[in-house]
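Notes for the structure review
Letter by letter, the chains look like this.
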Amino acid sequence: MSLLELEHVSKCYGRGLSEQVVLRDASFKVEAGEMVAIWGRRRSGRSTLLRVAAGVEAPDDGVVRLEGQDLSGRGCHLLGSAIGYCRKTFRPNEGPTVLDHLLVGQLARGVAPSLATNHAWEALERADAGSCAKLKPSELDCGEILRVGIARALALQPKLLLVDEPTQGVDLLARDTILRLLRSLADDGMAVLMSTGETASLSGARAL
């Protein structure tokens, strides 16, 4: 049984003459310990496919399964636990510092404050973002934003990590280290699914 499976998934927006088909009959599987890249041009539907895979959006047709269980009606429950979605935005009400943003999701799920703090620091160190803990989100550069986003997902100890455009806007050196980080997470047994429009980002990944 695959960790993640999409079977004949379709998604469209709008109706009638304004209808836009974004995904049509998409099927693939992701195994634990595998790094998979959804590659395509801008507006090709790769980000939508990632959101559907995460349970953020429901498909119009087809099914998405995590460990054999249909995500329909369960995506919001699994998102942030079994599924880690790397978010690059920061909500002001989640706190003034990066560390606060890693704590709030855990505390909302009933994790004890001391344990949540341990998880947050471990995730920041794993993502090589420990130096960002006391910074404000507005003080982060593009590479740091991505690393903190990964750490925020890792703090919840997911089985599947989804990252939309992990190298967008970052310089060459930061891009390579981020890709090595994602590869190392897969090597440690986590499934990693990302989207990209850059062929250089396909290194070490199975491309779809």
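Structural notes, computed from the coordinates. (Residues numbered from 1 in each chain as written. Predicted model: local features only at pLDDT ≥ 70, side-chain atom pairs only at ≥ 80, totals over all residues. Heavy atoms only, no water.)

The pairing of strand E1 (residues 4-13) with strand E2 (residues 20-30) spans seven bridges and is classified as antiparallel. Looking at the pairing, Leu4 lines up with Val30 of E2. Counted between consecutive antiparallel strands, the loop separating E1 from E2 contains six residues, among which Gly14 sits at a positive phi close to 80°. (Pairing = 2+ DSSP bridges. Helix = DSSP H or I, 4+ residues; strand = E, 2+ residues; numbered from the N terminus.)

Now for the nonpolar core. Ranked by internal contacts, the top residues of the largest apolar core, which has 38 residues, are Leu102, Leu124, Val148, Ile150, Leu161, Leu182 and Leu185. Secondary-structure elements contributing two or more residues to this core are strand E3 (35-39), helix H3 (98-108), helix H4 (113-126), helix H5 (142-154), strand E7 (160-164), helix H6 (172-187) and strand E8 (191-196). A per-element tally of this core places H6 first, with seven residues. Beyond its immediate chain neighbours, meaning those up to four positions away, Leu161 contacts Gly84, Ile150, Ala153, Leu182, Leu185, Met190, Ala191, Val192 and Leu193. If you look at the next biggest cluster of nonpolar residues, it comprises 25 residues, including Ile38, Leu50, Ala82 and Leu162. (Core = buried A, V, L, I, M, F, W, Y, C linked by side-chain atoms within 4.5 Å. Buried < 20%, exposed > 50% of the residue type's maximum accessible area, 1.4 Å probe, protein only. Contact = heavy atoms within 4.5 Å.)

Moving on, we get to the environment of Glu144. For Glu144, the position within the fold is in helix H5. Distance from Glu144 to Ile178, taken between C-alpha atoms, is 9.9 Å for residues 34 residues apart in sequence. With sequence-adjacent residues up to four places away left out, Glu144 is seen in contact with Cys132 and Glu139.

Time to look at the sheet that holds strand E9 (residues 206-207). Taken together, the five strands give an open sheet; going across it, the order is E6-E7-E8-E3-E9, and neighbouring strands pair in parallel fashion. The sheet is open, and its two edges are formed by strand E6 (83-85) and E9, each paired on a single side.

This next bit is on the side chain of Glu165. On the secondary structure map, Glu165 appears in the loop between E7 and H6. For Glu165, a relative accessible area of 7% gives the class buried. Aside from chain neighbours lying at most four places away, what touches Glu165 is Arg46, Lys88, Ser195, Thr196 and Gly197.

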